[in-house]
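Notes for the structure review
Listed below, chain by chain, are the residues.
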Amino acid sequence: MATDLGELLVPYMPTIRVPKTGDRVFKSECAFSFDSPESEGGLYVCMNTFLGFGREHVERHYRKTGQSVYMHLKRHIKEKSTGAAGGAIPRRRNGKVFLDLELNRDFNGEDYEYEDEAKLVIFPDHFEIALPNIEELPALVTIACDAVLNAPSAYKKQEPESWEEEIQVSRHARSLRQPDNGVRIPPSGWKCQKCEMRENLWLNLTDGTILCGKWFFDGSGGNGHALDHYKETKHPLAVKLDTITPDGADVYSFEEEEAVLDPQLSDHLSHFGIDMLQMQKKTENGHHTDNNARPRVSEWEVIQESGMKLKAVYGSGYTGIKNLGNSCYLSTVLQVLFSIPDFQRMYVGNLQRIFDYSPLDPTQDFATQMAKVGHGLLSGQYSKPPMKSELIEQHQQKGISPRMLKSLVSRGHPEFSSNRQQDAQEFFLHMINLVERNSTSSENPSDAFRFLVEERVQCCQSRRVRYSQRVDYCIQLPAPVEAATNREELLAYEAKRREAEENTRAPPEPVRARIPFTACLQAFTEPENVPDFWSSALQAKSAGVKTSRFASFPEYLSVQIKKFTFGVDWVPKKLDLGIDVPDFLDLSRLRATGLQSGEEELPDLMPPIVLPEDTRDNSMSSLDSPEIDEAAVMQLAEMGFPLEACRKAVYYTGNMGPEMAFNWIIAHMEEPDFAEPLTLPSMLGPDPFSSADSPVGATPLDNSPPEESIAILTSMGFPRSHTIQALKATNNNLERALDWIFTHPEEEESDALSNMADTEPNDNAFSNANSHSDSTLSPDRETSGPRVKDGPGRYELFAVISHMGASTMSGHYVCHIKKEGRWVIYNDHKVCLSERPPKDLGYIYFYHRLSSS
């Protein structure tokens, strides 16, 4: 028999591999479904790729790859034998359990026992070889089988993978000196103290200066002023401002030239008035709660409908999602997305096509994993009512565990890749972004959420206006506490709270602010001040106000209530408020109107380049010889570029470093005057071709994006024409332009209009030709612009995501979705009919558009 088995396996020996260090063995879940060794058909693990497949999908993998040898894993769950007293006989050790898998928590370990079975299966004849079978199998096969059986499940390796390298403690952390210079850092409104950038900002832990980081290849980053500051002062440590959480922050050592740990970070931050490192603890159900926060039992009970006897529901669309450890933010967003027909059609309607054309490693394919989750939620296969005759009599609902999708969508993300609680609204936008990036065809379900916002900016002195448009997927509404209907009650509570605090007595019962939804909308429509507004009419900074309106209405509208804020001590806190959100919403009055009769537009002029302070005075003192960073010029010239071209590049990029100048060179090197000497209008006198009305020193835009932005994108290899279209479509925002390029391949631009699908009859996809509005938008959108599904602004509420807890970094999320005319609560794996959906305590509201009829 040994000879027969050896001869049988000889043709397949080259395809059988022994798992090496770093190989992930997917022996706990199918790549295409949620089948596992506990499923009826068990799980098949490919002995070459170590991917797992359920009985329904293993044939597809065999046909696609030609891999014939699989290990079939099956776990049997049996009720324990009972003793004379009727109780289960305790067993300390079960020798029949040899798979390194997590025990199913749905079954009480004291009442049930596990028995594992493994065998080799050879396709296509399904020839089976029982394991272990050491004596009869070739040595290589025996070693490979033993390695697969003893390998940890792929998911047990995911936790360390979020740390690509071990970060060491900085040698400066314990000896860092912080002078008492009185610097206090506010919780918001930061900008670089050298160039006024508002992104990639670093706080120097010695003197409290806020400066921008280094420029990155993708156009993000900054101008390197934080590094320049270190070179001048030798203050070694800096912390990235937008990474500070209760668990720590990103700290960089300029002297050690690497990311480091700072054990004294809490003390170093408190020196500047920042108190973010609040202790947290993890409760038994996997939800984070605050140690110091007084629990709001009423909020948890109301949102989860704890005191009511809720009826469990099963079947298609009523499948729960197991909590993977603070993953409820992910679960609620997925439940809402897959209740929308666009997502159902894209991923579940095209299930077989997606699976058939999936790559060789489907665990790393976004469409495959979305289809897998969508099918798991909508098929009803994992949501079956308990049967008394079955073993799972006490099992409420199996549900699904979207580990593969979570691992894929969070890879490389500093927050979502962790096991900490996250903001559901941020994850919703993250998922929309991933859908955009992975929807290269005309079918893009995120189109349902996309809408255009018209922003009107007015110069308060000249009264001139500028209109622009931007793409958005979620409307954020302020929560004006001053508009609360129970204002007197709130004032009385605040007085009692202060009195109790002064007399060290127990605080009174908190009072929740009741805010009308109309007040939130009113606050959204109110003009807001524009910080650092530069008026092209005055050629100087001035006071400016901005108002926002809908240039188009989406098919599905997501509304976030801005309940979270930062206190003066930087501790994030949640405003305790309730909002009377309506079931039906009419936003027609918020339709954008565009340029109105009698309004005068601001000139299309760019602000002058802001030079660093150390060169600004010198450049003003000598107009004949503009100040140029000669070191940067020489660095570029050493690359072989003409000297005069290097001087022009450094000048036109505002002395912002060789990286920016290099991109300017790449973008302009084909121009005929590329190597000619630098000439400036101020050196030659008035431009004979300029209009007499043109302000001196202004740069006309000619409706074209800034050359610096074009240079950055073209340096990445994108065609110049495509780059200009992307910048125009995204209001010259580099990050959004890069996303636009990826989601609008060049060859598809001509078909942009034909691909626009609209479920509303007789409604044009662009609001400037919308039959529901007489308004005309300015400027007109081009055919290469973003696709929108415009229609009337009347909506009906269909889903609510609610948050319990004092901060987005703690607590728990639950969602309520209206299905078949009734509200359903999705609380992790539990799905029940809702008796009293807490619409007033929601965090994110989802509306669907009502038909024009």
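Here, the structure is the one placed above.
Thresholds applied
- Residues numbered from 1 in each chain as written.
- Predicted model: local features only at pLDDT ≥ 70, side-chain atom pairs only at ≥ 80, totals over all residues.
- Heavy atoms only, no water.
- Helix = DSSP H or I, 4+ residues; strand = E, 2+ residues; numbered from the N terminus.
- Buried < 20%, exposed > 50% of the residue type's maximum accessible area, 1.4 Å probe, protein only.
- Contact = heavy atoms within 4.5 Å.
- Areas by Shrake-Rupley, 256 points an atom, 1.4 Å probe, with all protein chains shown as cover.
- Pairing = 2+ DSSP bridges.
- Core = buried A, V, L, I, M, F, W, Y, C linked by side-chain atoms within 4.5 Å.
- Axes fitted to C-alpha atoms, helices over the stretch in contact; angles between N-to-C directions.
- Patch = residues over 30% accessible without salt bridge, like charges linked within 9 Å, V, L, I, M, F, W, Y side chains within 5 Å.
- Salt bridge = Lys/Arg side-chain N within 4 Å of Asp/Glu carboxyl O.
- Arc of directions from axis to C-beta.
- Phe/Tyr/Trp six-rings, centres within 6.5 Å; stacked < 30°, edge-to-face > 60°.
- Lys NZ or Arg CZ within 6 Å of the ring centre and 35° of its normal.
- Parallel < 35°, antiparallel > 145°, perpendicular 65-115°, else oblique.
- Left-handed = near helix turned anticlockwise from the far one by under 90°.
- Nonpolar A, V, L, I, M, F, W, Y, C, P; charged D, E, K, R; others polar.
- Lys, Arg positive; Asp, Glu negative; His and termini not counted.
- Polar contact = N/O pair within 3.5 Å; in protein donor to acceptor, adjacent residues only side chain to side chain.

**Looking at the overall build of the protein chain**
- Along the backbone of the protein chain there are 23 helices and 32 strands.
- Within the span of the protein chain, comprising 853 residues, buried residues form 49% of the whole.
- Long-range pairs, those at least 24 residues apart, make up 69% of the contacts in the protein chain between residues at least 6 apart in sequence.
- Accessible surface, the protein chain: about 41700 Å² in total, of which carbon and sulfur atoms supply 50%.

**Points about the sheet that holds strand β20 (residues 544–550)**
- If you trace the four strands from one edge of the open sheet to the other, you get β14-β13-β20-β17, paired in antiparallel fashion. The open sheet has two edge strands with one neighbour each: β14 (465–472) and β17 (528–529).
- Sheet analysis places strand β13 (residues 451–459) next to β14, joined by eight bridges and oriented antiparallel. By the bridge assignment, V457 is partnered in β14 with R466.

**Some thoughts on the nonpolar core**
- Membership of the largest hydrophobic core comes to 99 residues, with the highest contact counts inside it found for Y347 and F449.
- For Y347, the contacting residues outside a window of four places in its chain are F338, I354, F366, A367, M370, A371, V435, S439 and P445.
- With 32 residues, the next largest nonpolar core counts L490, I515, L557 and V800 among its residues.

**Things to note about the sheet that holds strand β10 (residues 258–260)**
- Read across the open sheet, the five strands follow the order β7-β6-β8-β9-β10; overall the sheet is antiparallel. Two strands bound the open sheet, and with one partner strand each, they are β7 (210–212) and β10. If you compare each strand with its neighbour and ignore which way they point, the axes differ by 40° on average.
- Judged from the three bridges that link them, strand β6 (residues 201–204) and β7 form a sheet pairing that is antiparallel.

**Notes on a nonpolar patch on the surface**
- On the surface, a cluster of nonpolar side chains totalling about 320 Å² of accessible area is made up of M639, F662, I666 and M669.
- Note that I666 resides in helix α19 (residues 658–668).

**Brief notes about helix α9 (residues 341–349)**
- When α9 is considered as a whole, its buried residues turn out to be D342, F343, M346 and Y347. When α9 is viewed along its axis, its buried side chains cluster within an angular range of 95° and face the same direction.
- The inward-facing, buried residues of α9 contact α8 (328–337), α10 (351–356), α11 (366–378), α13 (424–437) and β21 (556–561).

**Some details on the packing of aromatic side chains**
- Tallied over the entire structure, the rule returns 26 aromatic pairs.
- Geometrically, the ring pair formed by Y70 and F123 is edge-to-face, given 5.2 Å between the ring centres and 75° between the ring planes. Of this pair, Y70 sits in strand β3 (residues 69–79) while F123 sits in the loop between β4 (112–122) and β5 (127–130), and the two are 53 residues apart along the sequence. Note on accessibility: Y70 and F123 belong to one class, buried.
- Measuring from ring centre to ring centre gives 5.4 Å for Y252 and F254, while their planes differ by 70°; the resulting arrangement is edge-to-face.
- A relative accessible area of 28% means that Y252 is categorised as partly exposed.
- Following the ring pairs from residue to residue traces out a cluster consisting of F343, F428, F449, Y556, F798 and F846.
- If you follow K819 out to its NZ or CZ, it ends over the ring of Y318, 5.6 Å from the centre.

**Points about the packing of helix α17 (residues 630–637) against α19**
- Running from N to C, α17 and α19 point in directions that differ by 50°, and their axes come no closer than 10 Å. What the angle tells us is that α17 and α19 run oblique. Like other packed secondary-structure pairs, α17 and α19 cross with a definite hand, here right-handed. In contact with A632, Q635 and L636 of α17, α19 contributes P658, A661, F662 and I665.
- For the contact of α17 with α19, a count of residues per class yields six nonpolar, one polar and no charged.

**As for the environment of G248**
- Within the element layout of this structure, G248 appears in the loop between β8 (237–240) and β9 (251–253).
- Separated by 18 residues in sequence, G248 and S266 place their C-alpha atoms 8.1 Å apart.

**Points about the side chain of E305**
- Mapped onto the secondary structure, E305 falls in the loop between α7 (297–304) and α8.
- Among buried charged residues, E305 stands out as having no salt bridge; its nearest opposite-charge side chain is R836, 6.8 Å away.
- Looking at E305, its side chain comes within polar contact range of the main-chain nitrogen of E835, at 2.9 Å.
- When near neighbours in sequence (up to four residues on either side) are disregarded, E305 contacts L310, H816, I825, S834, E835, R836 and P837.

**Quick notes on the pattern of salt bridges**
- Under the criterion given, the structure shown has 30 salt bridges.
- A salt bridge links R450 to E436, with the shortest nitrogen-to-oxygen separation between them at 2.5 Å. Pair noted here: R450 is in the loop between α13 and β13 and E436 is in helix α13, with a separation of 14 residues, a long-range link.
- Overall, the relative accessible area of 4% leaves R450 in the buried class.
- Of the residues examined, E436 reaches a relative accessible area of 7% and is grouped as buried.
- Of the charged contacts in the structure, one is a salt bridge between K789 and E555, with a shortest N-O distance of 3.5 Å.

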